[in-house]
Structures are given as C-alpha cells and as structure tokens.
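Architecture at a glance
Listed below, chain by chain, are the residues.
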Amino acid sequence: MPVLRLILWKLLLFISIEGKSPVLLYIMEEGNFLNRLKMIFYNINNNATERSMLLSLLCKPLSMVVSFIYTPILLHYLGEEAYGIWATILSIVNWINYFDVGIANGVRNLLTVHIERQEKEEVSKDVSTAYIALFFISAITFLIGSLIILNMDLHSFFKTEMDVKATFEVSFFFICINFILSLSRIILYATHQAEKVSYMTLLTQLINLCGILLFAFCGSGNILYVAILVGMSGMTVNLFYYGRLCGKNNFLFPHFRMFSRERLRSICNVGVKFFLIQISVMILYSTDSVIITRLFGPANVTPYQTAFSAFGIVNGLYAAAVTPLWAKYAAEKERNNYSGIKKIVRTQEKFMLIVGIILLIEGVCYKPASVIWLQKELNYDPGLIIMMAVYNFCYIWSNIYAIACNGMERIHLQLYLAIIGAVINIPLSFYLGGRLHMRSTGVMLATVICMLMIAIPMAVDTHRYLNKMCRLKEEGLK
C-alpha cells in the first residue's frame, strides 16, 4: 500500500467504531508506533512524488483560508455588478493560457523523460525552445488582442455602462506576460516539485489579499486597481521562483543558442494535440460566466462565481494532491511500469465515495454558510447549488483518467471527445439556460452533460488499455 495512501486513509477513518478509534487499533496492530511514524515520514521524504503530493495537500487549506477571506472583501469593494464584470474579464483573459499551441504540456512530458535520464543538455534545449516559442506567440497574441479590445464595443458586450476598456487591456497585458513566465510551473512539475507551485499560488493570493485590504481602506471600488494588483502579483511571484530555480540549476535558464527547430517540432507533435484539447476544455469549462453575462447580465455572474469558488475548494484540494502524478505517470511509462499506474488510478477511484459525501454535505450547508461568509444574501437560481456539487464530482472523477492519459501521452480519444463536448456545450447552454428558462443552472447542467460524455468513455478506455499493457508485460516475462 503506498505510503501517502496509508496516511490519508488512516486520517479519513479517524472516527469512533464500537467505542475504539481505528488509529489506536492501528498503533496496537503495528507495534512500535513512533518507529512506524518515523519510517513513514522517512519514506515520504525520499519519494519525490509522495512528498510533493503531501506538501501540496497541506498547503491547500492555507490557500482556501486566504481565498475565503479575499472573496467577500473583493465583492464588497467592487459591488455585485463590477465583481461580475471582473469575474467575466478573468474568464476571458485566462483563455490566453490555452493559446500556447500545446507547447507547455508538450514539453512537460519531454522534460520528465530527459530529467529522468539526467540529460542536462537536452533539458536545456527543451526549456530554451519552449520559452522562445512562447515569447513570440505571446507577442503576436498581445498585438492582435489589443486591436480587438480597442475596437470592441465593451459596453454592449458586458451589458454595462461602466468603463472597462482600460481594465480589460491591463488584464490582457499581464496575462500575456505571465503566459510566458508560467512555464516555470511546468518545469517544477517535471522535476517533481509540484509543492512549490502550491507555494506560488498561496503567495500570489496573500499579495492580492493585502492589496485589496489596502484598497478597501483607502477608498471605493476601482476595478482597474484590482487588474493591476492581480497582474503584478502573478508576474512578481513567477519571476521570483524562476530565478531561484535557475540559481540552483543554471541549465534551466533559456538561451537563444539552445533553440532547436527539431525540438520545437518534437514538442509540437504532441503539443498540437494538447492544444486542441486545451481549446476544447476552455470552451467547456471557461465560457459559463460569459454565457451568463450575455443571457442575464453581469450581476447574475456573482452568485454563480461565488458558489463556483466555494465548491471548487474540494476540487482544489484533490488537484493539489494529484497534479504531481502527471510526471509520475510519464516516468512510470518510461520504466514500462503499467501495473504501478493501474494501482494509482484505482486508489484515486476508491476516494470518489468520500469526495461525493463531502460535496453532498457542502451542497446542503452552502446557502446558510454563504450568508456568514459573504456577509450578504445572494439570489441563487433554483438547483444551482446542487448542480455545482455534481459538476465538481464529475470534474474530479474525469481528471483521474485525463491526468493518467496525459502522462502516458495517450490522448487521441480524449481529443476527439473534448472536441465533441466543446461543439455541443455552448448551444446546449443557451438552450437549457435561455430557451428552457433554467438560467445559470441550465448553463451548468450543459457543462455536466458534456463532461459525462467525455469521462465515461475515457474511464472505460483507460482501464482497458492498462489491463492490456499489464497482461502483455506478464506474458513477456513468462
């Protein structure tokens, strides 16, 4: 039984059974508890993936606390309409992260393999090629996007009289800068240091929280100040951590002389498929706020977005724990250890019951808790809260197979299904939300339907493939 699974399992079972704690039974059963505990932490410290998973998981509650404090303060600082506009702008500008032609995800697996083989020159080529390519993509994207923003009727688009052009342009500028700098996170994932990505997220959130508190103390809501704060905090943290990373490993610093067209072609062979998946996922997961704005106005985004943030806590905790597994899967594939991949996938599946129970409890408690949290009562569309719980359950469940397939570079089925889901999602959202008058609940239901169309075939195919590879390996050994 993997060490991390053992620890989590014992913590999750910390309840009374027949008057006895399972932890006490475990201590009695295993003998010397202190020696056992020392061995557990020794094993974690010497296993990069498990250490990264555990530290990321421990860091997430702090991030949740900051987010819980930050959201109501930002809502009160901006007001419901401006907050809805800000949430919609963030949804749009974050689409830029999907425009890397799959370079980030394409280089992620290559980096893992070359680092596993300790090929520093190859790693340097990967990093340099990826950074230079992303720089040119970002520059072109910024020029085209700026022209569109300057000539776009934003008042009509956002259905508001507020002047949002400067805010949109500033947010777009910073997202293009961070688009390049965020490659440092991919390098951390590939080097089994995913916990540092969690540190980066937490530090960025703390800077944003301090900034919003200062703004709230000094005056009334200004959405432009928020855009500058969020952009600067992300840029500063990305630069700081990448500087530290290169200081310890100078071969990770990009050089023009290390740029390789052949390497770019190799990255893009897989990367283009990831890119198409990213675009499809963007349409599937990141358009709901825009659709709600267009159908019902920006003020209706606020109850949707606050509920989305609250339910995303469970999703975020799970993501923090399993994100390091991408690099783990790539490394296990390199070793031809498909049985190890199969065990990890099955372990995650067993936790889905616990995830479902947690989301169900959150669904029941959310509305009264949100009044305390936000210090105001929002008008939620009927059924939206329970649909949020269903959405997050499906998202976590589908991610089990998506991460495994990404790490193994088995992405053809995922690509086709994601494209189908993206094509269906927007018209289905307008139909359920607008035509059937289900409002934001219908928009979320459309996303859930499309997710299930992707997740179910992927679950079946992943198990079929892993069983096949394990059987072939056993036959080869015989």
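Residues numbered from 1 in each chain as written. Predicted model: local features only at pLDDT ≥ 70, side-chain atom pairs only at ≥ 80, totals over all residues. Heavy atoms only, no water.

1. Observations regarding helix α16 (residues 325-334)
When you tally the buried positions in α16, you get eight out of ten residues, the bulk of the element. The complete set of buried residues in α16 reads Leu 325, Trp 326, Ala 327, Lys 328, Tyr 329, Ala 330, Ala 331 and Glu 332. Following α16 by one or two positions, Asn 336 adopts a phi angle in the positive range, close to 65°. (Buried < 20%, exposed > 50% of the residue type's maximum accessible area, 1.4 Å probe, protein only. Helix = DSSP H or I, 4+ residues; strand = E, 2+ residues; numbered from the N terminus.)

2. Examining the environment of Val 355
In this structure, Val 355 sits in helix α18 (residues 352-374). A residue is classified by how much of its surface remains accessible, and Val 355, at 6% relative accessible area, is buried. Residues Val 355 and Val 314, spaced 41 residues apart in sequence, show a C-alpha to C-alpha distance of 7.6 Å.

3. Here we look at the packing of α16 against helix α17 (residues 338-350)
Relative orientation of the contacting elements α16 and α17 amounts to 155°, with a least axis distance of 8 Å. As summarised for this structure, α16 and α17 are arranged roughly antiparallel, according to the angle between their axes. Residue-level contacts link Leu 325, Lys 328, Tyr 329, Glu 332 and Lys 333 of α16 to Tyr 338, Ile 341, Ile 344, Val 345 and Gln 348 of α17. (Axes fitted to C-alpha atoms, helices over the stretch in contact; angles between N-to-C directions. Parallel < 35°, antiparallel > 145°, perpendicular 65-115°, else oblique. Contact = heavy atoms within 4.5 Å.)

4. Looking at the packing of aromatic side chains
By the definition in use, this model includes 15 aromatic pairs. For the ring pair Tyr 304 and Phe 308, a centre distance of 5.9 Å and an interplane angle of 25° mean the geometry is stacked. Placement of the pair is Tyr 304 and Phe 308 together in helix α15 (residues 301-322), with a separation of four residues, close to one helical turn. Here the aromatic rings of Tyr 338 and Tyr 465 are separated by 6.0 Å at their centres, their planes lie at 85°, and the arrangement is edge-to-face. Remark: Tyr 465 occurs in helix α21 (residues 439-477) and Tyr 338 occurs in helix α17; sequence separation between them is 127 residues. Tyr 465 shares its class with Tyr 338; the two are buried. (Phe/Tyr/Trp six-rings, centres within 6.5 Å; stacked < 30°, edge-to-face > 60°.)

5. Some details on the packing of α18 against helix α19 (residues 384-407)
At a minimum axis separation of 9 Å, α18 and α19 run at an interaxial angle of 160°. Classified by the interaxial angle, the pair formed by α18 and α19 is roughly antiparallel. The handedness of the crossing between α18 and α19 is right-handed. Between α18 and α19, the contacting residues are Met 352, Val 355, Gly 356, Leu 359, Gly 363, Tyr 366 and Lys 367 on the first element and Ile 385, Ala 389, Asn 392, Phe 393, Ile 396, Trp 397 and Ile 400 on the second. In terms of residue class, the contact of α18 with α19 is made up of ten nonpolar, three polar and one charged. (Left-handed = near helix turned anticlockwise from the far one by under 90°. Nonpolar A, V, L, I, M, F, W, Y, C, P; charged D, E, K, R; others polar.)

6. Here's the deal with the side chain of Thr 141
Residue placement: Thr 141 occurs in helix α7 (residues 120-150). Classification of Thr 141 as buried rests on a relative accessible area of 15%. Polar contacts involving the side chain of Thr 141 include one to the main-chain carbonyl oxygen of Ile 137, which spans 2.7 Å. (Polar contact = N/O pair within 3.5 Å; in protein donor to acceptor, adjacent residues only side chain to side chain.)

7. Re α18
Helix geometry: α18 is bent most strongly at Tyr 366, by close to 60°, with proline Pro 368 lying one to four residues after it. Once α18 ends, the next one or two residues include Gln 375, with phi positive near 60°. (Bend = angle between axes of the 7 residues up to and from the residue.)

8. A look at the pattern of salt bridges
Where charged atoms from two side chains of opposite charge come close, those side chains can pair. Taken as a whole and judged by the stated rule, the model has seven salt bridges. Of the charged contacts, one joins Arg 263 and Glu 122 as a salt bridge, the two residues approaching to 2.4 Å between their closest N and O atoms. Taken together, the residues Arg 263 in helix α13 (residues 261-285) and Glu 122 in helix α7 connect sequence positions 141 residues apart. Owing to a relative accessible area of 13%, Arg 263 belongs among the buried residues under this scheme. Accessibility expressed as a relative area gives 22% for Glu 122, which makes it partly exposed. Measuring nitrogen to oxygen at the nearest pair gives 2.7 Å for the salt bridge that ties Asp 126 to Arg 263. A residue pair is termed long-range when its members are at least 10 positions apart, and Asp 126 in helix α7 and Arg 263 in helix α13 qualify at 137 residues. You'll find Asp 126 and Arg 263 in the same group, each marked buried. One connected set of salt bridges, linked through shared partners, spans Glu 122, Asp 126 and Arg 263. (Salt bridge = Lys/Arg side-chain N within 4 Å of Asp/Glu carboxyl O.)

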